[in-house]
Amino acid sequence: MLFHAILVWILSFSMDIDSCRLDGNADVVEFCPHYPYHHVLAAATYNLKEGVEPSRRGSLSVYSARADTGLELLNRVEMAGIFDVKWRPCVDNAGPVVAQADAEGFLRLHALQCGRSDVDADGISLRDIGAENVTSSMCLCLDWHPLGTSISLGLSNGSIAVVTLQESQPHISQTWQAHDYEVWATSFDNHQPQLLYTGSDDCRLSCWDLRESPSKPVFNDAKSHKMGVCCITKVPTDSNMLLTGSYDEFLRVWDVRSASKPLSQSSISLGGGVWRLKIHPCVSDFVLAACMHNGFAIAKIRSGVAEVVETYKNHGSLAYGADWQKGECSTQGGAKRGSLVATCSFYDQLLRIWIPGTNVMV
């Protein structure tokens, strides 16, 4: 019994695989969801140079990230400072495309291309395929429509923009003033994609009906979050469950079956501003959270109640970027574990990949 208890305790610790420094302040990491590119990881940076004429520069990098070989830089492109990146959903046999929201107010699209037939070899790079100057302010966040036909963007002036794609070229279809301050979160409802959720520094969680132009508000919750709303994600296996993260350090679980008045089911403090929430690609009970001043955490949600089952604090700066590797879940030491995890931290410019100790398959 004692040996078993010690073994369980040992297996509860995460396993570090590899780490590297980026070329600037790291704020986003995103694994590619497209087969056979599940090992491809996008990482973005944002650097503010203050002065009479402030400069916001950054880069978008793609790495090979594997549990057996670690991290390998494949391609890096310098550009405007980036606030958010996301890969296009896997639909209609479309190839991998990553979208970026940047400090110059642009939405930019990059196709992943492979110079060889062997995707494990070098030759993987990014190719610009389209751009749209969305705003004179900054694009802070983005989300893809579940069918990959449009992209929503949150702007620093409090507006929302929806950009449609026509033959992969982006065009603004509508914009509207949604919030009083910066919009840090925008998320399509993957079960009802005519609905769009947004969150802002004005502490409001809002929902919009995109069938109207400009979009019609379905609800505005201005009382639940005590500070700005940083991230929003819908649970793919539960059409009624929505998760939000806030600067007030709470992960909140929502029941949205009453569209005009969502119910806050539960909340849990993660000890730091909840900047990113990523649901496990295989087991939606588990959520990876970037907790800014308190590292990273994995929470388990059952029956609308969340509990922290693991923390990861091997970064020395603001915890911003986090993602699970997509594809088949891996097996380590005979026990099924979750996918590889990538995390990044801001001022120390650190990118890490690791395997959780938590058994996320049960």
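Parameters at a glance
- Residues numbered from 1 in each chain as written.
- Predicted model: local features only at pLDDT ≥ 70, side-chain atom pairs only at ≥ 80, totals over all residues.
- Heavy atoms only, no water.
- Core = buried A, V, L, I, M, F, W, Y, C linked by side-chain atoms within 4.5 Å.
- Buried < 20%, exposed > 50% of the residue type's maximum accessible area, 1.4 Å probe, protein only.
- Helix = DSSP H or I, 4+ residues; strand = E, 2+ residues; numbered from the N terminus.
- Disulfide = S-S within 2.5 Å.

## Notes on the nonpolar core
Then step 1. Membership of the largest hydrophobic core comes to 18 residues, with the highest contact counts inside it found for Leu243, Leu251, Leu270, Leu277 and Ile301.
Then step 2. When residues of this core are traced back to their parent elements, those giving at least two are strand 19 (241–246), strand 20 (250–255), strand 22 (276–279), strand 23 (286–290) and strand 24 (296–302).
Then step 3. With three residues, strand 24 is the single largest residue contributor to this core.

## Quick look at unusual backbone geometry
Then step 1. Cis rather than trans, the peptide bond between Tyr35 and Pro36 has omega equal to 0 degrees.
Then step 2. Its place among the elements puts Pro36 in the loop between strand 2 (26–31) and strand 3 (40–49).
Then step 3. Omega for the peptide link from Ser213 to Pro214 comes to 0 degrees, which places this bond in the cis form.
Then step 4. Here Pro214 is to be found in the loop between strand 16 (205–209) and strand 17 (216–221).
Then step 5. Look at Cys203: it is not a glycine, yet its phi comes out positive at around 75 degrees.
Then step 6. As for its placement among the helices and strands, Cys203 is situated in the loop between strand 15 (195–200) and strand 16.

## As for the state of the cysteines
Then step 1. Applying the stated rule across the entire model yields zero disulfides.
Then step 2. Just so you know, Cys90 is unpaired, no disulfide at all, and the nearest cysteine sulfur is the one on Cys32, 6.8 Å from it.
Then step 3. Here Cys203 stays unpaired: no disulfide links it, and the sulfur of Cys230, its closest cysteine neighbor, is 9.9 Å away.

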